[in-house]
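Listed here are the chains, written in short residue letters.
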Amino acid sequence: MQLYFSPLACSMATRIAVYEAGGQIGFVEVDPKTKRTLGDDQDFRQIHPLGLVPVIRTDRGELLTENAAVLQYVARQFPDAEIAPAPGDGIEHARLQQWLCFIGTELHKALFAPLLDPKAPEVVKAYVLDKGTSRLEFLSNHLANREYLLDRFSVADAYLFTVLHWTVAVRLDLKAWPVLAAYFGRLRERPSVARALQEERQLYGAELARHKPA
Ligand SMILES: N[C@@H](CCC(=O)N[C@@H](CS)C(=O)NCC(=O)O)C(=O)O
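Residues numbered from 1 in each chain as written. Predicted model: local features only at pLDDT ≥ 70, side-chain atom pairs only at ≥ 80, totals over all residues. Heavy atoms only, no water.

Participant: How should the overall build of the protein chain be read in this particular structure?
Facilitator: What the protein chain contains, in helices and strands, is seven helices and five strands. Mapped in sequence order, the helices and strands of the protein chain form the string β-α-β-β-β-β-α-α-α-α-α-α. Computed over the C-alpha atoms, the radius of gyration of the protein chain is 17 Å, within 12% of the 17 Å expected from 2.2 N^0.38 for a compact globule of 214 residues. The dimensions of the protein chain, computed from C-alpha atoms along their principal axes, are 45 × 45 × 30 Å. In the protein chain, once contacts between residues fewer than 6 apart in sequence are set aside, the share between residues at least 24 apart is 67%. For the protein chain, the computed accessible surface area is about 11,000 Å², with 53% contributed by carbon and sulfur atoms. For the protein chain, the separation between the mean place of its 25 positive charges and that of its 26 negative charges on side chains is 5 Å. (Helix = DSSP H or I, 4+ residues; strand = E, 2+ residues; numbered from the N terminus. Rg over C-alpha atoms; globule rule 2.2 N^0.38 Å. Contact = heavy atoms within 4.5 Å. Areas by Shrake-Rupley, 256 points an atom, 1.4 Å probe, with all protein chains shown as cover. Lys, Arg positive; Asp, Glu negative; His and termini not counted. Charge placed at Lys NZ, Arg CZ, Asp CG, Glu CD.)

Participant: What is the right way to look at the site of the ligand in this model?
Facilitator: Taken together, the residues surrounding the ligand are Ala9, Cys10, Lys35, Gly51, Leu52, Val53, Pro54, Glu66, Asn67, His108, Lys109 and Trp166. Considered on its own, the ligand offers 510 Å² of accessible surface; in the complex 72% of this is hidden by protein. Across the shell around the ligand, the residue classes break down as six nonpolar, three polar and three charged. (Near = heavy atom within 4 Å. Nonpolar A, V, L, I, M, F, W, Y, C, P; charged D, E, K, R; others polar.)

Participant: Help me out: how do you make sense of the pattern of salt bridges in this one?
Facilitator: For side chains of opposite charge, pairing can occur when their charged atoms come near one another. Considering all chains together, one arrives at 13 salt bridges under this definition. As a salt-bridge pair, glutamate 122 and arginine 171 come within 2.9 Å of each other at their nearest N and O atoms. In this pair, glutamate 122 sits in helix H4 (residues 122-143) while arginine 171 sits in the loop between helix H5 (155-165) and helix H6 (178-189), placing the two residues 49 residues apart along the sequence. Of the two residues examined, glutamate 122 and arginine 171, each falls in the exposed class. For the salt bridge of aspartate 173 with lysine 175, the shortest nitrogen-to-oxygen distance reads 3.9 Å. The structure contains a network of salt bridges with shared partners spanning Arg15, Arg195, Glu199 and Glu200. (Salt bridge = Lys/Arg side-chain N within 4 Å of Asp/Glu carboxyl O. Buried < 20%, exposed > 50% of the residue type's maximum accessible area, 1.4 Å probe, protein only.)

Participant: Would you mind going over the environment of alanine 9 with me for this structure?
Facilitator: Structurally, alanine 9 can be placed in the loop between strand E1 (2-5) and helix H1 (12-21). Measuring from C-alpha to C-alpha, the distance between alanine 9 and glycine 22 comes to 21 Å, with 13 residues separating the pair along the chain. With residues near it in sequence (within four places) discarded, alanine 9 still touches Val53, Thr162, Trp166 and Glu200.

Here it is as structure tokens:
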């Protein structure tokens, strides 16, 4: 199994999940500016026409996109690690999907994607910030008396950490939500998260250096 990723992008959630599970996976870095893979210099748009990470290439060669699907697929490859509730009749598996959808739609795409986009007009950024406040409040209320989104660490936490990490790059200070700041601080100490973050920060530094104007 291989993960196509870009440093510090939403694909970092899958790296965290794999480290958390103690699993083995190949990593293929995609330069977000050139849309080419590092190393073998492939055109990433031949792999995903939208040029979006993450993409998983399974051991049978199938390609899988969309973070929520990718994270659940990866979790199923390492069942002993229990980083996702098993599909079944209970509510827990549905809850996992609830949180993956919430993070993917309400936070990742509706709030952070415009904030991170240098081309997004200021008026758009102000609009999404205003709207996003209620989402962060909702999340903060949920996490007020719990350590993780579900009853134990799951791939949803890996995704949420990855998204909250983007606050370092945008006009949004987690200090306004002490519960979220504490959650973020706790997760950053988790060995799988700390390792993924340290590795991807290094790769991100290299990416910036590659594109530094001469
Ligand atoms: N709906 C997709 C969105 C993935 C996505 O937005 N990926 C970003 C990185 S966080 C990306 O590859 N952006 C590159 C681009 O927009 O060209 C998913 O959930 O996987």
